[in-house]
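Commentary on secondary and tertiary structure
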Amino acid sequence: MSPEPRLPGPRLTGLGSGLFCTLVMFLLGCLDALLLDGALPVYGVLFVPVCVLTALWVRAGDLLTAPVVVPIAFAVGLIPVADGGGGLLGSLMGLFTGLATQCGWLYGGTLVAGVIVLVRRVLWVRRRRRRS
């Protein structure tokens, strides 16, 4: 019997995938703010591959954490990109405006992560049933 196919790459725990996704999105947000003066569509486009990697690299036992952590990471990474006027209230207004105007990317990336996780979960359950 041939060995089962495995996805390449690291296997992250639920916490590890959350930290990975959040850190990468924050760094991408900082780079976007520095190089492109906070272009929100570019930030949204960069969010989708991070969602895919997060959903592919999380361990099989922690699969359900991926669709939960990606929206949190999106919001954290949006902090340096958001156009805040001044002070705390201006920064919060910029963050909420960024979340409202980029919700398509947020929902799309979360949906992609959710679909990948569901497919992986179904395959994992089938493999476990076949073994027993």
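Anything mentioned here points back to the structure above.
Values in this document were obtained by computation on a predicted structure and should not be read as measured data. (Residues numbered from 1 in each chain as written. Predicted model: local features only at pLDDT ≥ 70, side-chain atom pairs only at ≥ 80, totals over all residues. Heavy atoms only, no water.)

Moving on: the packing of aromatic side chains. Counted according to the given criterion, the structure contains three aromatic pairs. The structure contains a cluster of three or more aromatic residues connected by ring pairs, namely Y43, F47 and F74. (Phe/Tyr/Trp six-rings, centres within 6.5 Å; stacked < 30°, edge-to-face > 60°.)

This part takes up the environment of D83. Inspection of the secondary structure assignment puts D83 in the loop between α3 (66-81) and α4 (87-101). Residues D83 and L31 lie 52 residues apart in sequence; the distance between their C-alpha atoms is 15 Å. If we skip the residues at most four places from it in the chain, D83 touches G90 and G94. (Helix = DSSP H or I, 4+ residues; strand = E, 2+ residues; numbered from the N terminus. Contact = heavy atoms within 4.5 Å.)

This part covers the pattern of salt bridges. Tallied over the entire structure, the rule returns one salt bridge. With a closest N to O distance of 2.9 Å, R59 and D62 form a salt bridge. (Salt bridge = Lys/Arg side-chain N within 4 Å of Asp/Glu carboxyl O.)

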